[in-house]
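Topology and contacts: notes
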Amino acid sequence: MSRRFFATSLSRSSMLHTKFHNPIPFPNFLNPISLKSKTIQSFPLTPRFFSSISQMGDARRPPFPTIPPPDKADRSELLRSLEFSLGSSFSSDPLVPNPSPLVIVISGPSGVGKDAVIKRLREVREGLHFVVTATSRPMRPGEVDGKDYYFVSKEDFLDMIDRNELLEYALVYGDYKGIPKRQIREFMAKGYDIVLRVDTQGAATLRKVLGNSAVFVFLMAESEVKLVERLIDRKTETKESLLLRVATAREEVKHVRNFDYVVVNADGKLESAVKLLESIIDAEKAKVSQRNAVV
Ligand SMILES: Nc1ncnc2c1ncn2[C@@H]1O[C@H](COP(=O)(O)OP(=O)(O)OP(=O)(O)O)[C@@H](O)[C@H]1O
């Protein structure tokens, strides 16, 4: 308030007392380079101060620099005079700190397109680390260790559990699957956002562990029938596992309320689903209160 008063009074007083107008924005003894807050603070910037100045004789009035007319002065001159008027220099430090790395949990029923969406997201967006899950199941033909999964023995997996090295793990059809914490920590430290792909049970466990510090996205098909058609067309399931997956999917969609966002991956609209996911990430990164996941 008093500083604003100072700025307006300054320009007004310089208009009234043109003989104190100094063509050099800062007289030597008020040089902004040597002028640190001490010099400024020696003048209390209060209305009383200004009224006392206006009552002074011209000889006693301190020579204040003016704010030059914006249409005549160059930018740096204006900048310096504004800095002087405010009593401190303008900082070039970022006004908003860098957003914290985000942990994004992507889940949804089998066949909804989690892998397809994540594969496309990987292609279109930088700065994301897609966590590779550790598993005790044997490697299948065509799979690559460290890319599809980290393949470890059952004993090694149990050791990882004992050492509390996993953020979440589950026993799926007799094989362990889990998310190594170290990988997440390493990439978060480098500033990457983390993408985790888990089934809905895994998402429920992660919600308990991470609470609201991570973003939970539920992928949904536009209809039940489309979801089933997609699974049939994938031609990866036996009739038993097909039945199990569609029955489970029916239950899983009921858990959507435990998620922060729902993204519909409609038939032939993979691109739109990925765009929406990107918008969610962008919006999360612009939040005033960041989630700050600690793993
Ligand atoms: N938007 C879409 N339009 C048409 N087909 C799609 C779309 N998204 C995914 N698919 C196809 O649907 C099938 C299932 O997708 P995907 O394997 O990615 O599902 P998923 O959720 O990862 O399944 P699971 O949990 O069983 O591994 C795949 O054949 C995939 O190519």
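Before reading further, recall that the structure is shown in the block above.
Residues numbered from 1 in each chain as written. Predicted model: local features only at pLDDT ≥ 70, side-chain atom pairs only at ≥ 80, totals over all residues.

**Structural notes on the overall build of the protein**
Along the protein, the regular secondary structure elements total 11 helices and nine strands. Per-residue burial for the protein yields a buried fraction of 24% across its 295 residues. Taking the intrachain contacts of the protein between residues at least 6 apart in sequence as the baseline, contacts between residues at least 24 apart amount to 70%. (Helix = DSSP H or I, 4+ residues; strand = E, 2+ residues; numbered from the N terminus. Buried ≥ 20, exposed ≤ 12 C-beta atoms within 10 Å, placed from the backbone. Contact = placed C-beta atoms within 7 Å.)

**Concerning the site of the ligand**
Within the structure, the ligand sits among 15 residues, and S110, G113, K114, D115 and A116 are positioned closest to it. Listing elements by their share of the shell around the ligand, those giving two or more residues are α5 (114-124) and α9 (224-234). The greatest single-element share of the shell around the ligand, amounting to three residues, is contributed by α5. A per-class count over the shell around the ligand returns three nonpolar, six polar and six charged. (Near = placed C-beta within 6 Å. Nonpolar A, V, L, I, M, F, W, Y, C, P; charged D, E, K, R; others polar.)

**Things to note about unusual backbone geometry**
At N164, a residue that is not glycine, the phi angle is positive and equals roughly 55°. Although it is not a glycine, N292 sits at a positive phi angle of roughly 55°. Its location among the elements puts N292 in the segment after α11 (270-285). A residue is classified by how many C-beta atoms lie within 10 Å of it, and N292, with 13 of them, is partly exposed.

**Quick look at the sheet that holds strand β2 (residues 128-130)**
A sheet is described by the order of its strands in space; here five strands give the open sequence β2-β7-β1-β8-β9, paired in parallel fashion. The sheet is open, and its two edges are formed by β2 and β9 (261-264), each paired on a single side. The average angle at which neighbouring strand axes cross in this sheet is 25°, direction not considered. Taken together, the three bridges between β2 and strand β7 (residues 193-197) define a ladder with parallel strand orientation. Within β7, the position partnered with F130 by the bridge is V195. Those strands touched by helix α8 (residues 200-210) are β1 (103-107), β7 and β8 (215-220), and its axis lies near 155° from that of β1. (Pairing = 2+ DSSP bridges. Axes fitted to C-alpha atoms, helices over the stretch in contact; angles between N-to-C directions.)

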